[in-house]
Amino acid sequence: EGAESLDAAPNDDSATANPLRIDSTINGRLGRAEDVDWFAIDAKKGEQFGLQVDSAALDFPADVVVAIVNDAGKKLIETDDFKASLDPSLRYTVPSDGRYFVMLQDRSRRGGADFVYRLHRISLRPDVTARVNAASLMVHAGKSQKLPVLVERIDGLTDELEVTVVDLPEGVTVAPQAVPAKTPA
């Protein structure tokens, strides 16, 4: 778990941006209408990191939008909601050495005492998730049953994998299934 800090005002533009270090969390507030909070990142070409904002998930009213801006002021990427969440999340690969800025604001430019957010900058580590789309599975004695498993590779994982099941009831077995290595994009 990384360091946590409060955003320090003023941080309303690139000149007053707070530093945002890898594996850290900034606890902040969009304290007034039109408020934009800025954070600075010094990064090297090819460096990868993730940004995750928590606000709606914590029952705050902010509809946070996050953007990455280069030193020349050009917006490189912007994201709002992520999948089923009202909070933004993104992964980014730095195109060249330099200073980059993270901008946070409310989608409708609102603000106030309860427009609180948590901004996380995370290192990206290859990982995997697996899930099934069935709440239960009926298997009759002496029979077999197929259960599709959705495997999602995260942040560059390309290794061959094996899917298996553990802690099954007595008499129930599952043959491990290979998931072939994935060619990097």
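What you see is a predicted model; the values in this text were computed from it and never measured.

K.L.:
Please give an account of the sheet that holds strand β1 (residues 3-6) that cites residues and values.
P.N.:
With respect to topology, 5 strands assemble into an open sheet ordered β1-β3-β10-β5-β8, the strand pairing being mixed. Edge positions in the open sheet fall to β1 and β8 (89-93), since each of these has one partner strand only. Taken over all neighbouring pairs, the strand axes of this sheet differ in orientation by 20 degrees on average, direction set aside. Where strand β3 (residues 24-29) and strand β10 (residues 116-123) come together, 6 bridges link them in antiparallel fashion. Across the sheet, the residue bridging to N27 is R118, located in β10.

K.L.:
Hey, could you go over the sheet that holds strand β7 (residues 75-79) for me, with residue numbers and the actual values?
P.N.:
Through backbone hydrogen bonds, the strands of a sheet pair up, either in parallel or in antiparallel fashion. Taken together, the 5 strands give an open sheet; going across it, the order is β2-β4-β9-β6-β7, and neighbouring strands pair in mixed fashion. Both outer strands of the open sheet, β2 (18-19) and β7, are each paired with one neighbouring strand and no more.

K.L.:
Describe in detail the side chain of N18, supporting the description with residues and values.
P.N.:
Looking at where N18 falls in the secondary structure, it is placed in strand β2. From its side chain, N18 meets the backbone nitrogen of A8 in a polar contact 2.7 Å long. Once residues within four sequence positions are removed from consideration, N18 is found in contact with D7, A8, P10, N11, W38, F39 and A40.

K.L.:
Could you give me a rundown of the layout of surface pockets, with the residues and numbers involved?
P.N.:
Here the largest pocket defines a volume of roughly 810 Å³. Classifying every residue of the lining of the largest pocket gives 17 nonpolar, 8 polar and 2 charged.

What counts and what doesn't
- Residues numbered from 1 in each chain as written.
- Predicted model: local features only at pLDDT ≥ 70, side-chain atom pairs only at ≥ 80, totals over all residues.
- Heavy atoms only, no water.
- Pairing = 2+ DSSP bridges.
- Helix = DSSP H or I, 4+ residues; strand = E, 2+ residues; numbered from the N terminus.
- Axes fitted to C-alpha atoms, helices over the stretch in contact; angles between N-to-C directions.
- Polar contact = N/O pair within 3.5 Å; in protein donor to acceptor, adjacent residues only side chain to side chain.
- Contact = heavy atoms within 4.5 Å.
- 1 Å grid on protein atoms, 1.4 Å probe; cavity = no way out; pocket = protein on both sides within 12 Å on 5 of 7 lines; lining within 4 Å.
- Points joined across faces, edges and corners; volume = space filled by probe spheres on them.
- Nonpolar A, V, L, I, M, F, W, Y, C, P; charged D, E, K, R; others polar.

Read these as spatial facts, not as claims about activity.
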